[in-house]
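The primary structure of each chain is shown beneath.
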Amino acid sequence: MAKFFQAADNASSVSGPPRPVEYANDRIFRGVAWASACMIIALTAYILWEIGREAVPAMHQHGLAFLTGTTWNVGKSELGVLPEIWGTLYSSLLALILGGIFGIAIAIFLTQDFLHHRLATIFRTIVEMLAAIPSVVFGLWGIYVVIPMLKPTAEWLHGHLGWFPLFGTELSGPGMGPAALVLAIMILPTVAAISVDAFRRIPYKVKEAAYGMGTTRWEAILKVMLPTASSGILAALVLGFGRALGETMALAMLIGNANQISLSLFSPANTLASLLASNFPEAGHIEKQALMYAALVLLAITFVVNVAGLAVQQYTIRKFEGKK
Amino acid sequence: MSDVDLTGAAARPIPQLGRRVFEVRALKSGFLTLLTWLAAVLASVPLFSVIYMLLVQGGTRLFGADFLEVLTGLPPAGFEMGGGIGPAIVGTLVMVAIASAISIPLGILAAIYLGVLEPKSRIAMISRFLAKVLTGFPSILAGVFVYAVLVIRYGYSAWAGGVALAVLMLPTVVLAAEEAMAQVPQRMKDAAYGMGCTRTQVIWKVVLPTGLPGILTGVMLAVAGAAGESAPLLFTALFSNYYVSQLAELSDPTASLSILIYNFSGMPFPNQIELAWTASLVLVLIVLVFNILARLVGQPKV
């Protein structure tokens, strides 16, 4: 026993009260960490303030008519972003439908014992690699693979079902369809990853109970697992939608940058982000201010969608972890 | 006695516990399983298609005889043949380095506050929430922001490009580092406090070393993401046909792989389009290297 107490007197022992220098270091370091945390708040505020400040002249000049105007004519100073808002929401919605279905299917595929766990790891790596491919590479791929591939189908659909609004125009190259398809591929990993999380949160007992009642695999998935994971999947969809809204380069390369509102999958369109990407570098002073206003609109839309998604996600986490 | 049926089971049918393969329920389940497999296979088609195109279209130049010219040459103009993507590779690496130098220390410091010092304080709550919001922030807005702050005053530069990338990396680094440090067992920290460590000493000697694999994973993924970004560079770094060779040139417009791909993709010249594919292959390889590094360092040792 005596040995243990000797440790305190031993000169080589590390234990002991902090020295004054150590207290001072501690205070300084904690101050720096505190300042860094505050900086995130300051940065967000600064971003809002800077973009807002640059947009103020345009906001005064165009007011709310900017949101409902349908022309972008810098010479006549007629500037409106309704077609871009439409294009942003429409392309993201199309991408969400496609990417959502596939994303949820993949989440089910990965979590509901379809694969040996080693194979599941390999497949998850494939999906994660999809997320790692840069947007601009998807754009290039879209131009040289997706558009030529879609053309015959698009011509057939337009020729035979041209009366249907979705197929109302010909695909002459870039357009809504290829853009939305590539966008769907890009948000698929996001939707899949967050949905996988949602399925993983379900206690294993729930699945056991379902199987114990004699359900088939899909009865268990459709009647027990999906409803239980529904709020997490909703979060996945909303956050995926948010990702799609802000996606820039692939869309700027694929959507055709045409200032029009059309339901057709094959007509060129534009989005807020690709308007910024394609017009900003060469814009004059007045147009830049208008583009800042457009950036503010984009910021507002994505902010609302992301906060909604995060709120749903938070709700899900509380629902499952609060019961512990 | 007559109304008490001790052998009542006889009246009930014996439950069928065997599995009937051709039951409607089983068929439905099998059909949906087939659809899921189909969805999974379809979803992996794009990745393999992208990889195939990168190797076929970009690989011919990169793995061909003139690979040195491709990797070090200047971008060709118009009808010019040959040329390379050297300045773009250097530019991308330089700007990612600037972004890392800004965002990694700041991000880890902020994460220390959020994850270890005061996880439940109001400032931590707000910061964490805003960091999450910022990860979903359209990357082009980082470009617009830096344009308004830096480019209007000092012009297009590698600095501006680096800052724009840093704005995008910061939230990823913060959230990943916070998560990694939260995984450090409370007992290890308590043991250090028990020896009389200050909180700073606990962080430097226990929390950071233990959480390091997780922190590095987050950092590598943020770096990979930043290397592939293009939207924020469009009007901060712009583009250039020449190398960054001195420190002073960091205040000039700078080339990057992603903007080179964007510029060349729309050109009517086959040479440029081939170089765009080569640049894509190089960019994907860079991103992949950081992703693999993230996985290698990511095995937690706790």
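Bear in mind the structure is a predicted one, so any value in this text is a computation, not a measurement.

Student: When you look at the overall build of chain B in this model, what are you seeing that I'm missing?
Tutor: Looking only at helices and strands, chain B features ten helices and zero strands. When the helices and strands of chain B are read in sequence order from the N terminus, they spell out α-α-α-α-α-α-α-α-α-α. Radius of gyration (C-alpha) of chain B: 28 Å, far over the 19 Å computed for a compact globule of 302 residues. Principal-axis analysis of the C-alpha atoms gives chain B an extent of 105 × 60 × 35 Å. A buried classification covers 53% of the 302 residues belonging to chain B. A separation of at least 24 residues holds for 72% of the contacts in chain B among residues at least 6 apart in sequence.

Student: Just checking my understanding: could you explain the pattern of salt bridges for this structure?
Tutor: Between side chains of opposite charge, a pair can form when the charged atoms approach closely. Following the criterion strictly, the structure yields ten salt bridges over all chains and no others. Ionic pairing is found between Glu 50 of chain A and Arg 53 of chain A, a salt bridge with its closest N-O pair at 3.0 Å. A residue pair is termed a helical-turn pair when its members lie 3 or 4 positions apart in one helix, as Glu 50 of chain A and Arg 53 of chain A do in helix α2 (residues 20–62) at three residues. For Arg 53 of chain A, a relative accessible area of 35% corresponds to the partly exposed category. A salt bridge links Glu 128 of chain A to Arg 295 of chain B, with the shortest nitrogen-to-oxygen separation between them at 2.5 Å. In this pair, Glu 128 of chain A sits in helix α5 (residues 117–132) while Arg 295 of chain B sits in helix α10 (residues 270–297), so the two residues belong to two different chains. Residue Arg 295 of chain B is classed as partly exposed on the basis of its relative accessible area, which comes to 40%. By sharing partners, the salt bridges in this structure join Glu 50, Arg 53 and Glu 54 of chain A into a single network.

Student: Would you mind showing me how to read the interface of chain A and chain B here?
Tutor: Where interface size is given, it is often the accessible area lost as the parts come together that is meant. On the side of chain B, 81 residues touch chain A, which itself brings 83 residues to the contact. Here chain A and chain B share an interface that buries about 7,200 Å² over both sides, 78% of which is from carbon and sulfur atoms. The interface formed by chain A and chain B holds two salt bridges in total. At the boundary of chain A with chain B, the tally comes to 13 residue pairs in polar contact (both at pLDDT 80 or more). In terms of residues, the side of chain A that touches chain B owes the most to one element, α2 of chain A, which gives 23 residues.

Student: Just checking my understanding: could you explain the domain arrangement of chain B for this structure?
Tutor: Taken domain by domain, chain B comprises domain 1 (16–53) and domain 2 (72–298). For domain 1 of chain B versus domain 2 of chain B, the distance between C-alpha centres works out to 39 Å.

Student: I keep staring at the nonpolar core and nothing clicks. Help me out?
Tutor: Burial of nonpolar side chains together is a common tendency in soluble globular proteins. Counting 197 residues, the largest nonpolar core has Phe 138 and Trp 141 of chain A as the members making the most contacts within it. The biggest single contributor to this core is helix α3 (residues 86–117) of chain B, with 16 residues. For this core, the two domains that each supply at least three residues are domain 1 (16–53) and domain 2 (72–298) of chain B. With near-sequence residues (within four places) excluded, Phe 138 of chain A lies in contact with Leu 130, Ile 133, Val 182, Ile 185, Met 186, Ala 250 and Leu 254 of chain A together with Val 50 of chain B.

Quick notes on the rules
Residues numbered from 1 in each chain as written. Chains lettered and ligands numbered in written order. Predicted model: local features only at pLDDT ≥ 70, side-chain atom pairs only at ≥ 80, totals over all residues. Heavy atoms only, no water. Helix = DSSP H or I, 4+ residues; strand = E, 2+ residues; numbered from the N terminus. Rg over C-alpha atoms; globule rule 2.2 N^0.38 Å. Buried < 20%, exposed > 50% of the residue type's maximum accessible area, 1.4 Å probe, protein only. Contact = heavy atoms within 4.5 Å. Salt bridge = Lys/Arg side-chain N within 4 Å of Asp/Glu carboxyl O. Buried area = accessible area lost by both parts, 1.4 Å probe. Polar contact = N/O pair within 3.5 Å; in protein donor to acceptor, adjacent residues only side chain to side chain. Domains from an automatic or database assignment. Core = buried A, V, L, I, M, F, W, Y, C linked by side-chain atoms within 4.5 Å.

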